[in-house]
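Remarks on the overall topology
Letter by letter, the chains look like this.
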Amino acid sequence: MQRLAVIFARDIAAYAVMSNHYHVVFYIDAIKANTWSDTEVIPRWQEPFKASNLAQRFIHGASLDRFEESKLKELIELWRKRLMDISWFMRYLNELMPTKPT
């Protein structure tokens, strides 16, 4: 959970793990997330999720045409918003949590 909080724009204040659920209290650091450069957002997004081929090309230094640059900017802003979104954080956290055998 702590590692995931570093990727997302989160500071975890407290958490409690019960036998069948958990509680998390965290702060969303929108100011920090809005200062991330495009080259910081892409690897953060790539850590838990798959980035687009366009982002991969950009990271590896390929030149992009004007349309590709515009599309990449849109994707980066979408990813930045998702990295601040509680639902996206909890979605990935729940995917990581092991399920109890029946």
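This text follows the structure it describes.
Report on the accompanying structure. Remember, it's a predicted structure, so these values are computed and weren't measured experimentally. (Residues numbered from 1 in each chain as written. Predicted model: local features only at pLDDT ≥ 70, side-chain atom pairs only at ≥ 80, totals over all residues. Heavy atoms only, no water.)

A look at the overall build of the protein
Stated precisely, the cut-off is as follows: Here a helix means four or more residues in a row that DSSP labels H or I, a strand means two or more in a row labelled E, and each is numbered from the N terminus. Burial here depends on accessible area, computed with a 1.4 Å probe over protein chains only, as a share of the maximum for the residue type. Under 20% is buried, over 50% is exposed, and the range in between is partly exposed. Charged residues are defined here as Lys and Arg on the positive side and Asp and Glu on the negative side; His and the ends of the chain fall outside this count. Note that the charge is assigned to NZ on lysines, CZ on arginines, CG on aspartates and CD on glutamates.
Along the protein, the regular secondary structure elements total six helices and two strands. For the protein, the α and β elements follow one another from N to C terminus as α-β-β-α-α-α-α-α. Across the 102 residues in the protein, those meeting the buried criterion constitute 33%. Averaging the coordinates of the 14 positive side-chain charges in the protein and doing the same for the 12 negative ones gives two points 4 Å apart.

Observations regarding the packing of helix H3 (residues 38-46) against helix H5 (residues 66-84)
In plain terms, the rule: Comment: axis = line fitted to C-alpha atoms, over the contacting stretch for helices; angle = value between 0 and 180 degrees taken between N-to-C directions. Comment on the angle field: the value is read as roughly parallel under 35 degrees, roughly antiparallel over 145, roughly perpendicular from 65 to 115, and oblique elsewhere. Crossing handedness: left-handed means the near helix sits turned counterclockwise from the far one by under a right angle, and right-handed means the same turn made clockwise. Contacts are assigned to residue pairs with any non-hydrogen atoms lying within 4.5 Å of each other. Note on residue categories: nonpolar means Ala, Val, Leu, Ile, Met, Phe, Trp, Tyr, Cys or Pro, charged means Asp, Glu, Lys or Arg, and polar means any other residue, Gly included.
Running from amino to carboxyl end, H3 crosses H5 at an angle of 60°, the nearest separation of the two axes being 9 Å. Classified by the interaxial angle, the pair formed by H3 and H5 is oblique. The handedness of the crossing between H3 and H5 comes out as left-handed. Seen from H3, the contacting residues are Asp38, Val41, Ile42, Arg44 and Trp45; seen from H5, they are Leu72, Lys73, Ile76, Trp79, Arg80, Arg82 and Leu83. Here the residues of the contact of H3 with H5 are counted per class, giving seven nonpolar, no polar and five charged.

What to know about the environment of Ile76
Note on placement: Ile76 falls in helix H5. Separated by 34 residues in the primary sequence, Ile76 and Ile42 place their C-alpha atoms 6.8 Å from one another. In this structure, Ile76 is in contact with Asp38, Val41 and Ile42, ignoring residues within four places of it in sequence.

Observations concerning the pairing of strand E1 (residues 10-17)
Our working definition: At least two bridges found by DSSP between two strands are what make those strands a pair.
Note: E1 against strand E2 (residues 22-28), seven bridges, orientation antiparallel. Looking at E2, one finds that Val17 is bridged to Tyr22. A loop of four residues connects E1 with E2, the two strands running antiparallel in sequence.

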